[in-house]
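Summary of structural features
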Amino acid sequence: MIATFAAILDWAGLVVFAVTGALVASRKQMDIVGFALLATVTGIGGGTLRDLVLGLAPVFWVRQPAYLLVCVGVAAAVFFTAHLPQSRYRILLWLDAVGMAVFAVTGAEIALAARAGPVIAVAMGVATATFGGIIRDVLGGEVPVILSREIYATAALCGASLYVVCDALGTAPPVAAVLGFAVAFLLRAAAMARG
Amino acid sequence: MIATFAAILDWAGLVVFAVTGALVASRKQMDIVGFALLATVTGIGGGTLRDLVLGLAPVFWVRQPAYLLVCVGVAAAVFFTAHLPQSRYRILLWLDAVGMAVFAVTGAEIALAARAGPVIAVAMGVATATFGGIIRDVLGGEVPVILSREIYATAALCGASLYVVCDALGTAPPVAAVLGFAVAFLLRAAAMARG
Amino acid sequence: MIATFAAILDWAGLVVFAVTGALVASRKQMDIVGFALLATVTGIGGGTLRDLVLGLAPVFWVRQPAYLLVCVGVAAAVFFTAHLPQSRYRILLWLDAVGMAVFAVTGAEIALAARAGPVIAVAMGVATATFGGIIRDVLGGEVPVILSREIYATAALCGASLYVVCDALGTAPPVAAVLGFAVAFLLRAAAMARG
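Quick caveat, the model's predicted, so the values are computed rather than measured.

1. Points about the overall build of chain A
Helix and strand counts for chain A come out as eight helices and zero strands. Reading the secondary structure of chain A in the N-to-C direction produces α-α-α-α-α-α-α-α. Whereas a compact globule of 195 residues would reach a radius of gyration of roughly 16 Å, chain A reaches 16 Å, a difference of no more than 12%. With the C-alpha coordinates aligned to their principal axes, the bounding extent of chain A is approximately 50 × 40 × 30 Å. Taken over 195 residues, chain A has a buried fraction of 55%. Summing over all exposed atoms, chain A offers an accessible surface of approximately 7,600 Å²; the carbon and sulfur share of this is 72%. For chain A, the centre of its 11 positive side-chain charges and the centre of its 9 negative side-chain charges are spaced 6 Å apart.

Here you go:
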């Protein structure tokens, strides 16, 4: 059950990040393969970095190609439905906030499961949460969200830290995950609402 | 004989990509070490990413340093001969098309040899074909070729897919490689001729 | 004693590179987590690439999280003291030169210790010396120092090469390290003084 809950979270993060990648492709008027490429690198980028530095190669999507296929499916869905330029960027930012908060938690969780200590687990949470979006913005020619003066990495750091602290205190993993997600998302949401 | 054919293809892709890296260095009026650096990252970038995510570290050029030396030699050759600014960018695009088509095939081939499934093999073809050029363009301050509205990743995807399908159908590897290369190159060439 | 000397050098390179990352964050008026992020990727970026391609995963800072904590500490120190905008960029360039020269030597040294040959050792010296700064500049939206027409990669190449040659000739490692560092730093310093 716990594994299932974590896996659901992880898939949810992948899907929303893939949507943000496809929306950037849409802003750049790329073709459908461009959509698939940006959706995929955004969806799997953070987890790929995490697996590589932890020594978990071949990386997760080589072991489970379904991750790739989902990113491509998401890209196709956005390609055939996203024709709302005026609201696209706003939607992109909110989905990005959800993905960031999810990956802050699951990045930390996977690092702990690979027997990393708390410092590395927090670092992996931040890296997993931010790296996909950084690649998306660099490839898409956008100013990286992480460089805006709004709170972003800070939110990922707080979410990952709370998850790691809860884990150390023996909190049930799903509870720790929900708490970590909530803190990361609410911090980011507050910054966006104010900004 | 088959291994030889695949190896020749791989070296050919490396050389043409290294030339494109050196030509970007030439456009930026870099010094000879800048030429060597851009030629090398362009030549080996895609294969490095491929080896890392497949878990094949140390990567191919650490195992066979000759790859590095060839990139450096190519850079030196371009440094002492390329003084034709007006035609340089056009040549760069055509060589890039050859390198992309070669690496779409060899990337898929190496993934299959590492026992990856067909989805991963196609993804590795696309990643190997595009990543070196992406690094070249990001480091060289050019607009990434892959972001232009012309067909690019699509061509790599079609070439890699055809190779993987042929392989599954039992086609002789050199035939599959030539077919995959031809489809990828012709699609890209058509886009460039039209664009 | 030798191990101690090499380790001191490596920490020194990490600290000065982390400072340069924090100074870029300062130029961009980022928040404290932005400082920590840029300081960390700049400090550990080169070594991470080196470990990944050599197959030394999990990478060094996953094995020794103290590296991360030092980067974060450096970022905090700069955050609370750097309010001298006019001189910041000049300081950044000089610290960057020190870090580059240190990592050219330690990158080569770690590659030799991992039983790589001389060509790979030189390549690892250049990669370790330059990659952290490249990521810093790309993320910070600066023109990469390595692309300026001043000597940069050339200095790293000469320093790493001298270290590898000295090592092959049986020079005591600390002497080889000081010689390699001096050549790399002086070449870069001369270019900056002239430029």
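2. Digging into the relation of the copies chain A and chain B
After a rotation of 120° and a shift along the axis of 0.0 Å, chain A superposes on chain B with an RMSD of 0.0 Å. Taken together, the rotation angle and the small translation identify this as a three-fold axis. Relative to the rotation axis, the closest C-alpha in chain A is found at L52 of chain A, a distance of 4.2 Å. Here only 11% of the interface residues in chain A have copies in chain B that are interface residues too; the copies meet through unlike faces.

3. Points about the relation of the copies chain C and chain B
Aligned on chain B, chain C shows an RMSD of 0.0 Å; the corresponding rotation is 120° and the shift along the axis is 0.0 Å. The two copies present different faces, since only 6% of the interface residues in chain C are matched by interface residues at the equivalent positions in chain B.

4. A short note on the pattern of salt bridges
Any two side chains of opposite charge can pair if their charged atoms end up close together. All names here are of chain B. All told, the structure shown has 12 salt bridges over all chains when counted by the stated rule. Across the salt bridge formed by D96 and R136, the nearest N and O atoms sit 3.0 Å from each other. With D96 in helix 5 (residues 85–113) and R136 in helix 6 (residues 118–139), this residue pair connects regions lying 40 residues apart in the sequence. A residue is classified by how much of its surface remains accessible, and D96, at 0% relative accessible area, is buried.

5. Digging into the interface of chain C and chain B
Contacts between chain C and chain B engage 17 residues on the former and 17 residues on the latter. With both sides pooled, the region where chain C packs onto chain B buries about 1,500 Å², and carbon together with sulfur makes up 79% of that total. The interface formed by chain C and chain B includes zero salt bridges. Counting the contacts that link chain C with chain B gives two residue pairs in polar contact (both at pLDDT 80 or more). Mapped onto the side of chain C that touches chain B, the elements with two or more residues apiece are helix 2 (32–54), helix 6 (118–140) and helix 7 (153–168) of chain C. If one sorts the elements of the side of chain C that touches chain B by residue count, helix 6 of chain C sits on top with six residues.

6. Points about the packing of helix 6 of chain C against helix 7 of chain C
Residue and element names in this part refer to chain C. In contact at an axis separation of 9 Å, helix 6 and helix 7 are set at 140° when each is read in the N-to-C sense. As summarised for this structure, helix 6 and helix 7 are arranged oblique, according to the angle between their axes. The way helix 6 lies across helix 7 gives a crossing that is right-handed. Side by side, helix 6 and helix 7 meet where P118, A121, V122, G125, V126 and A129 of the first sit next to A156, L157, A160, S161 and V164 of the second. Taken together, the residues of the contact of helix 6 with helix 7 break down into nine nonpolar, two polar and no charged.

7. What about the packing of aromatic side chains?
For any pair of aromatic rings, the description rests on two quantities: the centre-to-centre distance and the angle between the ring planes. With the rule as written, the count across this model stands at 21 aromatic pairs over all chains. Relative to Y67 of chain B, the ring of F60 of chain B has its centre 4.9 Å away and its plane inclined at 85°; by these criteria the two rings are edge-to-face. Note on F60 of chain B: relative accessible area 11%, which makes it buried. For Y67 of chain B, a relative accessible area of 9% puts it in the buried group. Aromatic side chains F17 of chain C and F103 of chain C sit 5.3 Å apart centroid to centroid with 35° between the ring planes, which places their arrangement in the tilted category. One end of the pair, F17 of chain C, is in helix 1 (residues 2–27); the other, F103 of chain C, is in helix 5 (residues 85–113), and 86 residues separate them in sequence.

8. Digging into unusual backbone geometry
Cis geometry is found at the peptide bond from A57 of chain A to P58 of chain A, where omega equals -5°. In this fold, P58 of chain A is placed in the loop between helix 2 (32–54) and helix 3 (60–63). A positive phi angle, close to 70°, is found at R115 of chain B, a residue other than glycine. Assignment of secondary structure puts R115 of chain B in the loop between helix 5 and helix 6. Overall, the relative accessible area of 79% leaves R115 of chain B in the exposed class. With a phi close to 55°, Q29 of chain C is a non-glycine residue in the positive phi region. With respect to the element layout, Q29 of chain C can be found in the loop between helix 1 and helix 2. On the basis of relative accessibility, which here comes to 52%, the residue Q29 of chain C falls in the exposed class.

9. Brief notes about helix 6 of chain B
If you check helix 6 of chain B, its first and last C-alpha atoms are 32 Å apart, about what 22 residues at 1.5 Å a residue would give, namely 32 Å. Where helix 6 of chain B bends most, the angle comes to about 30°, and this point is T130 of chain B.

10. Here's the deal with helix 4 (residues 66–81) of chain B
Residues and elements named next belong to chain B. With 16 residues, helix 4 ought to run about 22 Å at 1.5 Å a step, and its terminal C-alpha atoms sit 23 Å apart, in line with that. Among the residues of helix 4, those classed as buried are Y67, L68, C71, V74, A75 and V78. Viewed along the axis of helix 4, the buried residues span an arc of 125°, placing them on a single side of the element. Away from its buried face by more than 90 degrees, helix 4 exposes F80 and T81.

11. Brief notes about the interface of chain A and chain B
At the interface, 18 residues of chain A touch 18 residues of chain B. The interface formed by chain A and chain B holds zero salt bridges in total. Linking chain A with chain B are two residue pairs in polar contact (both at pLDDT 80 or more). For the side of chain A that touches chain B, the secondary-structure elements that each account for two or more residues are helix 2, helix 3, helix 4 (66–81) and helix 6 (118–140) of chain A. The dominant element in the side of chain A that touches chain B, judged by the number of residues it contributes, is helix 2 of chain A, at four residues. Tallied by class, residues from the side of chain A that touches chain B come to 14 nonpolar, three polar and one charged.

Definitions and cut-offs
- For every chain, the first residue of the written sequence is number 1, and numbering continues from 1 along that sequence.
- A letter from A marks each chain and a number from 1 marks each ligand, given out in the order of writing.
- For this predicted model, a pLDDT threshold of at least 70 governs which residues receive local features, and a threshold of 80 or more governs which side-chain atom pairs are given and counted, while totals over whole chains, interfaces and linings are taken from all residues.
- With hydrogens and water excluded, all non-hydrogen atoms of the structure serve as input to the side-chain values.
- The numbering of helices and of strands both runs from the N terminus, where a helix is a DSSP run of H or I of at least 4 residues and a strand a run of E of at least 2.
- The globule rule is 2.2 Å times the number of residues to the power 0.38, and the radius of gyration it is compared with is taken over C-alpha atoms.
- Remark: exposure states derive from per-residue accessible area (1.4 Å probe, protein chains only) relative to the maximum for the residue type, with buried under 20%, exposed over 50%, and partly exposed in between.
- Accessibility throughout is a Shrake-Rupley quantity obtained with a 1.4 Å probe, and a residue counts as covered only by protein chains that appear here.
- Only four residue types enter the charge count: Lys and Arg as positive, Asp and Glu as negative, with His and the chain ends excluded.
- Where a charge lies is defined by one atom per residue type: Lys uses NZ, Arg uses CZ, Asp uses CG and Glu uses CD.
- Here the copies were fitted onto each other by least squares, based on C-alpha atoms from residues at pLDDT of at least 70 in both.
- Throughout, a residue-residue contact means that at least one pair of heavy atoms, one from each residue, lies within 4.5 Å.
- Salt bridges, as used here, are contacts in which a Lys or Arg side-chain nitrogen is within 4 Å of a carboxyl oxygen on Asp or Glu.
- As used here, buried area is the combined drop in accessible area, with a 1.4 Å probe, of two parts when they are placed together.
- Under this definition, polar contacts are N or O atom pairs within 3.5 Å; protein pairs additionally need one hydrogen-donor-capable and one acceptor-capable atom, and for neighbouring residues in sequence, both atoms have to be side-chain atoms.
- For helices, the axis comes from a line fit to the C-alpha atoms of the stretch in contact; other axes are also lines fit to C-alpha atoms, and the angle between any two N-to-C directions lies between 0 and 180 degrees.
- Just so you know how the angles are binned, under 35 degrees is roughly parallel, over 145 roughly antiparallel, 65 to 115 roughly perpendicular, and the rest oblique.
- By convention, the crossing between two helices is left-handed when the near helix turns anticlockwise from the far helix through less than a right angle, and right-handed when the turn is clockwise.
- Three classes are used: nonpolar for Ala, Val, Leu, Ile, Met, Phe, Trp, Tyr, Cys and Pro, charged for Asp, Glu, Lys and Arg, and polar for all others, with Gly counted as polar.
- Working definition: rings of Phe, Tyr and Trp (its six-membered ring) pair if their centres are within 6.5 Å, and the pair is stacked with planes under 30 degrees apart, edge-to-face with planes over 60 apart, and tilted otherwise.
- One less than the number of residues in a helix, times 1.5 Å, gives the span that helix is expected to have.
- Take the seven residues that end at a residue and the seven that start at it, fit an axis to each, and the angle between those axes is the bend at that residue.
- Directions drawn from the helix axis to the C-beta atoms are what define this arc.

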